[in-house]
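Here's the letter readout for the chains.
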Amino acid sequence: MPQNLVIVESPAKAKTIQKFLGKDFKVMSSYGHIRDLLKKDFSIDVDKGFAPIYEVPDDKKELVKQLKKAAKEASVVWLASDEDREGEAIAWHLYEVLGLKPENTRRIVFHEITKPAILKAIEQPRDIDRNLVDAQQARRVLDRIVGFELSPVLWKKIKPALSAGRVQSVAVRLIADREREIQAFKSEPYFRLTAQLQPDGSDEVIAAELNRRLATRDEALAFLDDCGKARFAVTDITVKPVKKSPAPPFTTSTLQQEAARKLSFSVAQTMRVAQALYEAGHITYMRTDSVNLSALALGTISAEIKANIGEQYLKVRRFHTTSKGAQEAHEAIRPTYISSHDIAGTAQEKKLYNLISKRTIASQMADAQLERTSIEVGVSNRSEVFQATGEVVKFDGFLKVYFESTDDDNAAPDDLHTLPAVRTGDALTARQVEATQRFTQQPPRYSEASLVRKLEELGIGRPSTYAPTISTIQQREYVAKGENKGERRTYEVMTLKDGKIATRTKSEVVGNDKGRLVPTDTGLVVNDFLMQYFPSIMDYHFTARVEENFDEIAAGKEQWNQDIEKFYHNFHPDIERVSALCLEHKVGERVLGTDPKTGKVVSVKIGRYGPLVQMGSSDDEEKPRFASLLKSQSVSSITLDEALHLFDLPRTVGQFEDKDVVAAVGRFGPYLKHGSAFVSIPKEYSPESITLPEAITLIEAKRQAQAKAVIKTFDEEPGLQVMNGRFGPYIACNKQNFKNPRGTDAASLTLEQCRDIMAQQESGAKPKRRVARRATRK
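Residues numbered from 1 in each chain as written. Predicted model: local features only at pLDDT ≥ 70, side-chain atom pairs only at ≥ 80, totals over all residues. Heavy atoms only, no water.

**A word on the overall build of the chain**
From N to C terminus, the chain includes 20 helices and 30 strands. Dimensions of the chain along its principal axes, counting C-alpha atoms only, are 95 × 80 × 65 Å. Relative to its full complement of 778 residues, the chain shows a buried share of 46%. Considering only intrachain contacts with a sequence separation of at least 6, the fraction spanning at least 24 residues in the chain is 69%. Per element, the accessible surface of the chain, about 40,500 Å² overall, is 48% carbon and sulfur. (Helix = DSSP H or I, 4+ residues; strand = E, 2+ residues; numbered from the N terminus. Buried < 20%, exposed > 50% of the residue type's maximum accessible area, 1.4 Å probe, protein only. Contact = heavy atoms within 4.5 Å. Areas by Shrake-Rupley, 256 points an atom, 1.4 Å probe, with all protein chains shown as cover.)

**A few points about the pattern of salt bridges**
One pass over the structure, following the stated rule, counts 44 salt bridges. Linking Glu391 and Arg372 is a salt bridge whose minimum nitrogen-to-oxygen distance equals 2.4 Å. In this pair, Glu391 sits in strand E13 (residues 385-395) while Arg372 sits in strand E12 (residues 368-379), placing the two residues 19 residues apart along the sequence. Relative accessible area serves as the criterion here: at 11%, Glu391 is assigned to the buried category. According to the relative accessible area criterion, Arg372 is partly exposed, its value standing at 25%. Of the charged contacts, one joins Arg577 and Asp574 as a salt bridge, the two residues approaching to 3.7 Å between their closest N and O atoms. (Salt bridge = Lys/Arg side-chain N within 4 Å of Asp/Glu carboxyl O.)

**Structural notes on the side chain of Glu384**
On the secondary structure map, Glu384 appears in the loop between E12 and E13. Among the polar contacts listed, one links the side chain of Glu384 to the side chain of Arg212, at a separation of 3.0 Å. A distance of 3.1 Å separates the side chain of Glu384 from the side chain of Arg382, its partner in a polar contact. The residues touching Glu384, leaving out its near neighbours within four places in the chain, are Leu210, Asn211, Arg212, Phe223 and Val379. (Polar contact = N/O pair within 3.5 Å; in protein donor to acceptor, adjacent residues only side chain to side chain.)

**Re the pairing of strand E10 (residues 206-210)**
Only one face of E10 is buried: it carries Ile206, Ala208 and Leu210, and the other face, with Ala207 and Glu209, is open. Pairing geometry for strand E9 (residues 189-199) and E10, over four bridges, is antiparallel. Within E10, the position partnered with Ala195 by the bridge is Ala208. Taken together, E9 and the strand that follows it, E10, pair antiparallel across an intervening segment of six residues, in which Gly201 is found at a positive phi of about 80 degrees. Summarising the sheet, E10 and E13 pair through two bridges and their orientation is antiparallel. Across the sheet, Leu210 pairs through a bridge with Phe386, a residue of E13. (Pairing = 2+ DSSP bridges.)

**Structural notes on the sheet that holds strand E8 (residues 105-107)**
Here we have four strands laid out as an open sheet, ordered E2-E1-E7-E8, and parallel in their pairing. Across the chains shown, the open sheet's two edge strands, defined by having one partner strand only, are strand E2 (25-29) and E8. Strand-to-strand twist across the sheet, computed as the mean angle between neighbouring axes with direction ignored, equals 20 degrees. Direction of pairing for strand E1 (residues 4-8) relative to E2: parallel, over a ladder of five bridges. (Axes fitted to C-alpha atoms, helices over the stretch in contact; angles between N-to-C directions.)

Spatial relationships are all this shows, so hold off on functional conclusions.
In structure tokens form, the structure reads like this:
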């Protein structure tokens, strides 16, 4: 029987660590926290120093029983959860719930899952850090107070099932504020002037741009006219060396940003894949705001660069963390084995690992040395000058391995061009001068990556909170990913060539916000309400100060419940005051006018299932009528005419198979109803104008898809089906789904075999593979 019990928080981590330790060690997983605040109660005793009231949830009780039994049988219990506040809290909860004793309990930490790191941690155990536990507890208690007290106010004043949170509400504010900036923005046209200039006696051309914009078409036309009569000559040449330095190795936020730009990963996806890489022992801990690398890592990276790239490419750098409130003593995110260029894993894991590996190696490489040449070209009859810049890479340095992307520019830095050799005073011939109409650009909507950068900039949240915050505001439907592919806009191009000015019209797509974060009507209304009645909670500086207070608690400089007490005694009276307010209209409600047919008031507001138009009021003899807004419509901008058109729905499109086909708009968007069947109407159709043939095509397409989804049914048990799903075959029975065991031929399953699989999965036993028709791979 093993003498040592090691408890970690995830089964994948447990599996990796078990491989490094001998038979005297048993590694078990706590599957995250084993206890938490009560789900449906406030769970904080205000009168006893804001003491949290914890419970072991039902789904963890059996696990706790198993852990208690294993702990009792072991001589030493090693608590090996992550080395951050959340991990420290997990270790403390395990210590408390399992009834562990200090004499045979050890706390160990490591930020990479390798055999040397695990063995070193076992040699250097420590006590549970109560300061870190208190900092986590303070965050948990404060977030519960804000959420539990504020959410019911939103239910009462706006609609049921809404929620507010200390960090999530501020994140929504950032997105809402940006949306208001976009709505207020007025695009102004201007003209950009470029020229193709050729030195006398040369075949090469200099691409140059005028040093200022021209505001109007007339100005641009006059400039082109002057260029037709002008002489061009080089008035200034500047040549200077330029140095480019590599970016530091990844922190959590920079990894999330770069993975979004280079790999198109969402923030949550990046963290999920990074977690898998960490637990498999491929990278160091992935929740960190440190850019430091250990002396051992610096040594192995240096050896790797010398051996495979060249000694001239090596430049050892020691980066220092500068982010606000950097709290963790971890290293930056790096490969555990620098020499491993490839790993076993999924395609996503390989891509992210490759990104981390290249960034880490590049951080210890020499600067790239470039030579930048800037040329100014004078126009004889104008005061403006044309400017051209060219760069030559003299030594590629770190660019040999890696370049950092930006949100605005995904082009590689080697998209550089050289300039022909010229001297000051040399005459140039204008082969072509072009005036292109451009437009000032509205502020960009946030992407997940740029929102993470902004949150970090403001000191809001920490490495562990960015991904959950962004996921939460989307799950709550306060924010959605943009679906607008943009619209086509025309612009004018005027070209001077061979002494003649020609004009042509071109077009481009603008306003593409696909994948960007856009606030929903609900998000905007909730944000406006919170900004009006709870401005302190929504203040960026307040949220950042709270994070700083948590840092002070973690450092042992403040008592956690004193900070909570100060906050509560200011916050709770505001809750009582706003709850008692009697508002004339529901928050966010807007009266649009009167229906000319009925004389009833038409208003728009947020309803239980989203934005809707209401005709009439509850005081009328007749019940009010309601209609849902279309996805393209907004509470803040819909007009009376547009609202009245919504009452044209539901609309009978026609008959098919002796049943009415009805088009309508519901909670989840436009749909068709045919008998008992419901079919979503895709974006290319409108419920107001869809034709019967188009509707029939959609109905039949859904039938075909449903037919393909069912692999097998059983007459003896109609509620049981073998289905084909997104992730492969599965068994569906009475609204429950069961995995089809790997190696099992789903089409040949019998009713008895299906029942056996369901019973085994419900009991937690591993399904037997006796139903397989061929040998499974080992």
